[in-house]
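Observations on chain architecture
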Amino acid sequence: MAANDAANGHTTTNDSVAADYNLSQPITSTSGLRAGLTSYGDAHFSLFLRKVFIKALGYSDSALSSPIIGIINTYSSFNPCHSNVPQLIESVKRGVLASGGLPVDFPTISIHESFASPTSMYLRNLMSMDTEEMIRSQPVDAVVMIGGCDKTVPAQLMGGISANKPVIPLITGPMMPGSVEGVRVGACTDCRSYWAKYRAGGIDVEDIMSVNEELAPTGGTCGVMGTASTMACITAGLGLLELRAGATAAAVSSARLRVAEQAGRNAVAMLKKEQMRPQDLLTRESFLNAIIVLQAIGGSTNAVVHLLAIINRHPKVAGTIDLKTFDEIGRKTPLLVDLKPSGDNYMTDFHNAGGMLALMHILRPLLHLEARTITGQTMGELLDNTPFKSFPYSKQIIRSLEDPLYERSSLVVLYGNICPNGAVMKASASKNRKLLHHRGSACVFENTADLARRIDDPDLEVDENSVLVLKSIGPVGNPGMPEAGLIPIPQKLGRQGVLDMLRISDGRMSGTAGGTITLHVSPESADLDSVFGVVQTGDRIICDVDNRVLSLDVDEQEIARRIAQRKRRTQGDPSSAGGEVHPEPWIERSGRRGYRGLYEREVNQSHLGCDFGFLTANGPLGKQ
Ligand code: FES
């Protein structure tokens, strides 16, 4: 029997549709509309009711018999990095329909860097939970996950891996660069450099106002190798994107729409292939390739935290890769891509130079070619089947292994008594390489309020050799671990022309920022056992990047005395300095309500990815 009566527009039944109403036969299908039925205690009724409601949207039984491809809609008027999502959804739908699937879009939360308070990172795990549970609970056979702005792609990869249905990431794409007096500019490396110039008195208020108009001239993600671009490239390195344009085509380009259409086709095609669920498709080698890409592009330090969280969602890979792995890979991987903040160019240049396809061909000797990709081919087969012929411009932007921008170790991991679980530095973004081997006196700010109050105080005891230390911006200390690690150069030093200083914090830094900045100190200062938590102004700090050392040059007994005193102070011991009870987030979190309480109690430290312990593959009691 025909599924549709085209003449009258009414739906008639065919055998498979009739089977849905056969009460003597159980509903056995685990795909399409019949998957994951709502619990009413009567599966046939659950399906019947589901059809009642979806038919309110005009669907026919014939259409509802197709495999369903979910499309995650992260459009938000508060998220200009996702401004093209409506067009992308239309393009994905075209690809799905052309391949015989039924596209159904649905929303999850959307997070933009500048509109989320206290930070977007605070909401990343919430978005990952939303993504995981919406994929898991709705009748979708595969899902295209549209993301772009910094935390959205990590959240979707975390949720997608945990849900473990076939998923295809679709990146919104970078914005175009703008122009200020003939000089190309783009969010957000230039946002920071122009702001620093303004703070130092180098440009006036009219200049900064006109720059403000040009830094984000189109929708799309930040146009430099910030966190969003880094995560897009890493996703390609994982084998989950089309290589030529998937990570790099501009948000406003027609190429981006074709990438979206192809994602729709690929989502349907995946259903006919074996082992395409992310926990099967992605292996340890896939993640090692992603780390190689991270080092070769001089990627954002934030991506280290995100990748660890993503890795620790994967039951077969969790715990097999840690911060040391990032450092070891870095020692063998040169920085090849000349983009801000480590280099000079923008994502559109990278795309025009050949993008990830060109880079992966150059990295081929370092890659694990047996890792599988979304196409069903291995990375080696994919590269064989998509050759790339380099051209002169390509070589300017994407350097060869023999002529790198930075010989190795763009991102390094440091250890020492301040950071026994590690701290991360983007050494390639240092503006004063002498600071990579430095010994200086600490100038300590206890938190961001203290920093704001004193950093520009003309009487601040600081000089260009001081080490600026900012505490209380770790995962618990300042929920969401703000991107305040780019501690500003004190105004009085900025005016003397000091452009860089060694800076240390337990927080993060925007991927678009640069300088000699050490981040993600673990454990964070809020932890009452943390050595970093008791660093004092005047202490000597040693940084030796070659030997991967960051340490506090203070006697162990003195450190132990300070830690004990701090603990007594939290309990109001009158014999401790100050004598009053000191508010400590580490203690206060136990009584907090709502998402903030959940976040502060469950978030793990940055060397584990700042995920909630109960969301990791090993669960709340897992060995981390
Ligand atoms: Fe969205 Fe930079 S603010 S990518």
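All values reported here derive from a predicted model rather than from experimental measurement.

1. Some remarks on the overall build of the protein
Broken down by element type, the protein carries 23 helices and 14 strands. If you line up the protein on its principal axes, its C-alpha atoms span 85 × 65 × 50 Å. Burial analysis of the protein (624 residues in total) assigns 57% to the buried set. In the protein, of all internal contacts separated by at least 6 residues, the share reaching a separation of at least 24 is 73%. Within the structure as shown, the protein displays about 24800 Å² of accessible surface, and the carbon and sulfur contribution to it stands at 52%. For the protein, the distance from the average position of its 60 positive side-chain charges to the average position of its 65 negative side-chain charges is 3 Å.

2. Topic: the pairing of strand β1 (residues 68-73)
Taking burial as the measure, the 6 residues of β1 include 5 buried ones, the bulk of the element. Here β1 runs beside strand β2 (residues 102-107); their pairing, made up of 6 bridges, is parallel. What sits directly across from Ile69, in β2, is Pro103. Once you follow β1 into helix α4 (residues 85-98) and on to β2, the crossover reads as right-handed. Where β1 and strand β3 (residues 142-147) come together, 4 bridges link them in parallel fashion. When the sheet's bridge partners are listed, Ile69 is paired in β3 with Ala142.

3. Here we look at the sheet that holds strand β4 (residues 167-171)
Ordered by their spatial adjacency, 4 strands build an open sheet running β2-β1-β3-β4, and the pairing between neighbours is parallel. Looking at which strands have only one partner, the edges of the open sheet turn out to be β2 and β4. Averaged over all adjacent pairs, the angle separating strand axes in this sheet is 25 degrees, with direction ignored. Here helix α5 (residues 121-137) sits on the sheet in contact with β1, β2, β3 and β4, set at roughly 155 degrees to β3.

4. With respect to the pattern of salt bridges
Per the stated rule, a full pass over the model turns up 37 salt bridges. Residue Arg136 is joined to Glu132 by a salt bridge in which the shortest nitrogen-to-oxygen separation is 2.1 Å. Of this pair, Arg136 and Glu132 both sit in helix α5, 4 residues apart, which is roughly one turn of the helix. In this structure, Glu446 engages Lys471 in a salt bridge whose closest nitrogen and oxygen atoms are separated by 3.3 Å. You can see Glu446 sitting in the loop between β9 (437-445) and α19 (448-454) and its partner Lys471 sitting in the loop between β10 (467-470) and α20 (491-494), a full 25 residues away along the chain.

5. Observations concerning the side chain of Ser162
Position of Ser162 relative to the elements: it lies in helix α6 (residues 152-163). Judged by relative accessible area, which is 14%, Ser162 ranks as buried. Side chain to side chain, Ser162 and Arg313 meet in a polar contact 2.9 Å long. When near neighbours in sequence (up to four residues on either side) are disregarded, Ser162 contacts Glu132, Arg136, Gln279, Arg313 and Leu615.

6. Some remarks on the environment of Asp457
Structurally, Asp457 can be placed in the loop between α19 and β10. The class for Asp457 is partly exposed, based on a relative accessible area of 30%.

7. Here's the deal with the nonpolar core
With 97 residues, the main nonpolar core has Phe287, Leu307, Phe350, Met356 and Leu359 as its most contacted residues. For Leu307, the contacting residues outside a window of four places in its chain are Ile234, Phe287, Ala290, Ile291, Leu294 and Phe326.

8. So, helix α21 (residues 556-570)
Taking 1.5 Å of rise per residue, 15 residues should cover 21 Å, and α21 covers 22 Å from first to last C-alpha, within 8% of that figure. The inward-facing, buried residues of α21 contact β14 (549-552) and α22 (585-588).

9. Some points on empty space enclosed by the protein
Within this structure, the stated rule accounts for 1 cavity of 30 Å³ or more. Quantified by volume, the largest cavity comes out at close to 100 Å³. Around the largest cavity sit 14 residues that line it, and Ile168, Pro169, Leu241, Glu242 and Ala263 are the ones nearest its centre. Listing elements by their share of the lining of the largest cavity, those giving two or more residues are β4 and α10 (254-270). At 5 residues, the largest contribution of residues to the lining of the largest cavity is made by α10. Looking at the lining of the largest cavity residue by residue, the classes come out as 9 nonpolar, 3 polar and 2 charged.

10. Comments concerning the packing of helix α12 (residues 284-296) against helix α13 (residues 302-311)
Where α12 contacts α13, the two axes come as close as 12 Å, and the packing angle between them is 175 degrees. Judged by the inter-axis angle, α12 sits roughly antiparallel to α13. Between α12, through Phe287, Ala290, Ile291 and Leu294, and α13, the contact on the second element is made entirely by Ala303, Val304, Leu307, Ile310 and Ile311.

11. Points about the pairing of β10
When a strand is regular, its side chains alternate between the sheet's two faces. Alternating positions in β10 separate into two faces, Val467 and Val469 on one and Leu468 and Leu470 on the other, with burial throughout. When β9 meets β10, the two strands line up parallel, connected through 4 bridges. The residue of β10 that forms the bridge with Ala442 is Val467. Pairing of β10 with strand β11 (residues 502-505) involves 4 bridges; the strand directions are parallel.

12. A word on the packing of aromatic side chains
Applying the stated criterion across every chain yields a total of 12 aromatic pairs. Ring plane angle 35 degrees and centroid distance 6.3 Å describe the contact between Phe45 and Phe48, whose orientation is recorded as tilted. Of this pair, Phe45 and Phe48 both sit in helix α2 (residues 43-55), 3 residues apart, which is roughly one turn of that helix. Since its relative accessible area comes to 40%, Phe48 is described here as partly exposed. With a centroid separation of 5.8 Å and 80 degrees between ring planes, the pair formed by Tyr599 and Phe612 is classed as edge-to-face. Highlighted residues: Tyr599 in helix α23 (residues 594-602) and Phe612 in the segment after α23, separated in sequence by 13 residues. The ring of Tyr415 carries Lys324 above its face, with NZ or CZ at 5.1 Å from the centroid. Lying across the ring of Trp586, Arg589 places its NZ or CZ 4.0 Å from the centre.

Criteria and cut-off values
Residues numbered from 1 in each chain as written. Predicted model: local features only at pLDDT ≥ 70, side-chain atom pairs only at ≥ 80, totals over all residues. Heavy atoms only, no water. Helix = DSSP H or I, 4+ residues; strand = E, 2+ residues; numbered from the N terminus. Buried < 20%, exposed > 50% of the residue type's maximum accessible area, 1.4 Å probe, protein only. Contact = heavy atoms within 4.5 Å. Areas by Shrake-Rupley, 256 points an atom, 1.4 Å probe, with all protein chains shown as cover. Lys, Arg positive; Asp, Glu negative; His and termini not counted. Charge placed at Lys NZ, Arg CZ, Asp CG, Glu CD. Pairing = 2+ DSSP bridges. Right-handed = clockwise from strand over helix to strand, strands pointing away. Axes fitted to C-alpha atoms, helices over the stretch in contact; angles between N-to-C directions. Salt bridge = Lys/Arg side-chain N within 4 Å of Asp/Glu carboxyl O. Polar contact = N/O pair within 3.5 Å; in protein donor to acceptor, adjacent residues only side chain to side chain. Core = buried A, V, L, I, M, F, W, Y, C linked by side-chain atoms within 4.5 Å. Expected span 1.5 Å × (residues − 1). 1 Å grid on protein atoms, 1.4 Å probe; cavity = no way out; pocket = protein on both sides within 12 Å on 5 of 7 lines; lining within 4 Å. Points joined across faces, edges and corners; volume = space filled by probe spheres on them. Nonpolar A, V, L, I, M, F, W, Y, C, P; charged D, E, K, R; others polar. Parallel < 35°, antiparallel > 145°, perpendicular 65-115°, else oblique. Phe/Tyr/Trp six-rings, centres within 6.5 Å; stacked < 30°, edge-to-face > 60°. Lys NZ or Arg CZ within 6 Å of the ring centre and 35° of its normal.

That is the geometry; function is a separate question.
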